[in-house]
Amino acid sequence: MSAVQPQIRALYAAMPDRLARARRTFGRPLTLTEKILVAHCWDFDAQTWERGKAILRLRVDRVALQDVTGQMALFQFMMSGRKRVAVPSTIHCDHLIRAESGAAEDLQRAVRESEEVYNFIRSAARKYGLGFWRPGSGIIHQVVLENYATPGTLMIAADSHTPNAGGLGMLAIGVGGADCGEVMAGLPWEVLHPKLIGVHLTGKLSGWTAPKDIITYLCTLLTVKGGTNKIIEYFGPGAESISATGKATICNMGAELGATTSIFPFDPRMAAYLRATDRGDLAALAEEFREQLVADPQVAEQPKEFYDEIIAINLDELEPHIVGPHSPDRGRPVSKLGAEVRQQGWPATITNALIGSCTNSSYEDMRRAAHIATQGFKAGLTAKAKFFITPGSERIYQTIKRDGLIDTFARIGGTVLANACGPCIGQWKRTDIAPNQKNTIVSSFNRNFPGRNDGSQETLSFITSPDVVTALAFAGTLEFNPMTDTLTAPNGQRVRFTPPEGEELPRDGFARGAEGYEEPAADPDSVRVEVPANSERLQLLGPFVAWDGKDFIDLPILVKTKGKTTTDHISPAGPWLRFRGHLDKISDNMFLGALNAFTGETGKGVNPLTSAAGQPLSTIARELKAKGLQWIVIGDENYGEGSSREHAAMSPRYLNCAAVIVRSFARIHETNLKKQGLLPLTFIDPADYDRFEQNDRVTISGLYALEPGQPVKVLIKKPDGRVQEIRVRHSLTREQIAWFRAGSALNAGQVIDPATGQAADLSDVKLKPTDTKAKPGKDV
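Throughout what follows, the structure given in this document is the object of discussion.

Cut-offs and rules
- Residues numbered from 1 in each chain as written.
- Predicted model: local features only at pLDDT ≥ 70, side-chain atom pairs only at ≥ 80, totals over all residues.
- Heavy atoms only, no water.
- Helix = DSSP H or I, 4+ residues; strand = E, 2+ residues; numbered from the N terminus.
- Buried < 20%, exposed > 50% of the residue type's maximum accessible area, 1.4 Å probe, protein only.
- Phe/Tyr/Trp six-rings, centres within 6.5 Å; stacked < 30°, edge-to-face > 60°.
- Pairing = 2+ DSSP bridges.
- Axes fitted to C-alpha atoms, helices over the stretch in contact; angles between N-to-C directions.
- Disulfide = S-S within 2.5 Å.
- Contact = heavy atoms within 4.5 Å.

Before going further, it helps to examine the environment of I313. Tracing the chain through its elements places I313 in strand β11 (residues 309-314). Judged by relative accessible area, I313 falls into the buried class, the value being 4%. For the pair formed by I313 and E100, sequence separation is 213 residues and the distance between their alpha carbons is 40 Å.

Encoded structure:
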């Protein structure tokens, strides 16, 4: 049983007085979200509280990184000059393991292929005080849930599915690596004061309906931008009926709504999970301070007085849902899928069925899926689709192996993959289909944009619960409804599955294996951070060059993106993951998946210098940069949704982008653009998007007088000399305007020494610009 960290005891002890003060200031009771935000306010006296408008400055309890986005986060932290992280931090090796031939071989291959990256991460963690989780130890979010998630605390992590920890009552928020680097360096964390969506749950899940169906239903209802700059807070008697890991599934996939995060109030199911994962002391402490870890009682009595939106879901009436293809908000009940498949002409045959990932790899998930698998096996059935299982952690793998679940999956033809992200993030080498072959897969993952899972735009990806995925694996077709339909066994008998069953926690406790955790070095000064000279995987960073004080005049448009432009489209994953620590090389994939509204091509455009068509957008950007020219991007709705990857901001900045003007932004990406010194702007009139044409030149004026809340003038010069004038808005605060002027947030920020509360002395830190040929105001 692990001891509770002193800072958690101190936080809980201070909460009653802090919350009482907030109630007096606000003149009302508090929601759970408000309690956690107030308890972590950097300076309550100086803080303005206004949902949707104020910028909150918060003190973070914990930071988590993974091995892809974490590389840039570490490089940016190293630029701060600090010798030790200011808050407890960990880094998890889960993204670089490619699913190909099975767990053991895939893990060995990853260690060989990414040795220099792992050596860098491990050495940096040992030197700067981060805990290091080796490859194969598990997916960041599952490992955090099992070891670090703590009710009532605040965590940020460089991964968009960080809200998973909300299943244990933690306010856990996905951010870019720059945010993590700054917090690890001692700075307060800033976020727009989010609005609140209250989701009132009544009834109880039963039969085929699973926690996954709550969030897939919500995605269908609210869409992928319905949660932008909002926190989703669940409450009501239905919430208490859901296991802690079921709650985590719901919070995890809340990222697909664009939500800042999601959270459940502390309850006995959470306490049971804490005790099952060797944190009995923490469970007891949380029970002692339970009043601070739930909303005030008046909130449930009069929710309309406290939430900006309220959604009611009766779990007794909720049907199993499935979402897809191509977007997590394209959903319907499973019972209606077959008809839609026929109507749309989608391939009904399922090529692959995949369960697990950070979203659904709990013991309960695996138990319920194994219950369906056992029924099929006993009837003589095997999976018609290729069937893959991704355990979320070594602890889960060892436990389901001990309890016979691995054998059960093997009997129906299942293959166990490494304890890693794998196909969920595009780390999947498929050999079962031809290139560009249209096909269908089903999974219990969280994201299904085109190309997300296997790099193919032709793969139709559907998401549902592990139970339904397992049943569909037996059927091999989307037209099968496991609640009502039957399958034919080899002996000719008709087989109908009974609803899945499975306990939420293992009766014999969790098994322990080679957990894979390493403490930081006892003598950090003796550790050298390993970055090989001339590495193709790693590249040290230097500061971007500051703004030159001039307006952006007659800039060409590199690309006008049309429709969904996720961070996967701006900076694709898959084979490009190997270059996430090398800004120059990763920038070759910039906008590779973006649809160009000017030409109808994906990833290509027309060179404004030579008029050459069909060139990769990154190639065009490099040529413009070489000529000392900046450029802009025009984008559509919810630009930058999806993953938190800041490479989608860093690559444009590195290749000389000056500004991005869109109809609307996703939260994390807009922040990442600001952090890197780019100017993110939104149309006041969304129809102005249609004004921009291929050969236009764009001027953004009045930048010297840039002020919070004030519109910005944009001039569109047509090839014939005509000029159109529009106004755009921005959401920059005064501090963020300083980031823009300085060239980045890291350039502008001061590092706070947590021991003194004063700015750290960084006068002896020597930094070299990222591009030594950079010209002020032109190149970065």
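On we go.
What follows concerns the packing of aromatic side chains. For any pair of aromatic rings, geometry is given as the distance between the ring centres together with the angle between the planes. In this structure the tally under the stated criterion is 19 aromatic pairs. Taking 5.3 Å as the distance between ring centres and 35° as the angle between the ring planes, the aromatic pair formed by W547 and F740 counts as tilted. Here the residue W547 occupies a position in the loop between β21 (517-518) and β22 (552-560), and F740 occupies one in helix α24 (residues 734-742), the gap between them amounting to 193 residues. Relative to F692, the ring of F683 has its centre 5.8 Å away and its plane inclined at 45°; by these criteria the two rings are tilted. Both residues of the pair, F683 and F692, count as buried. Site record: aromatic cluster; members linked through ring pairs are F26, F44 and W49.

Strand pairing in a sheet takes place through backbone hydrogen bonds and is either antiparallel or parallel in direction. Spatial strand order, β22-β25-β26-β27-β30-β29-β28: 7 strands in a closed barrel with mixed pairing. Strand-to-strand twist in this sheet, taken as the mean axis angle between neighbours without regard to direction, amounts to 40°. In terms of strand pairing, strand β29 (residues 712-717) meets strand β30 (residues 723-729) through 6 bridges, oriented antiparallel. Counted as the bridge partner of K717 is V723 from β30.

This paragraph deals with the sheet that holds strand β9 (residues 230-235). If you walk across this open sheet you meet the 4 strands as β10-β9-β8-β11, and the pairing is parallel. Where the open sheet ends on each side, the last strands, each with one partner, are β10 (261-263) and β11. Across the sheet, the mean angle separating the axes of adjacent strands is 20° when strand polarity is ignored.

Here, the word disulfide means a covalent bond between the sulfur atoms of two cysteines. Counted according to the given criterion, the structure contains 0 disulfides. Free of any disulfide, C93 has its nearest neighbouring cysteine sulfur in C421, separated by 11 Å. Among the residues examined, C93 registers a relative accessible area of 0% and is labelled buried. The closest cysteine sulfur to the non-disulfide-bonded C219 is located on C251, 12 Å from its own sulfur.

On to the side chain of D179, then. Secondary-structure assignment places D179 in helix α7 (residues 177-184). Judged by its relative accessible area of 3%, D179 is buried. Not counting the four nearest positions on each side in its chain, D179 is found in contact with I156, W189, E190, T671 and K675.

To continue, consider the pairing of β22. Here β22 lies mainly inside the structure; 7 of its 9 residues are buried. As judged from the 3 bridges shared by β22 and strand β28 (residues 697-701), these two strands associate in the antiparallel manner. The partner of P556 across the bridge, within β28, is R697. In this sheet, strand β25 (residues 631-635) lies alongside β22 in parallel orientation, the contact comprising 3 bridges. The residue of β25 that forms the bridge with I557 is I632.

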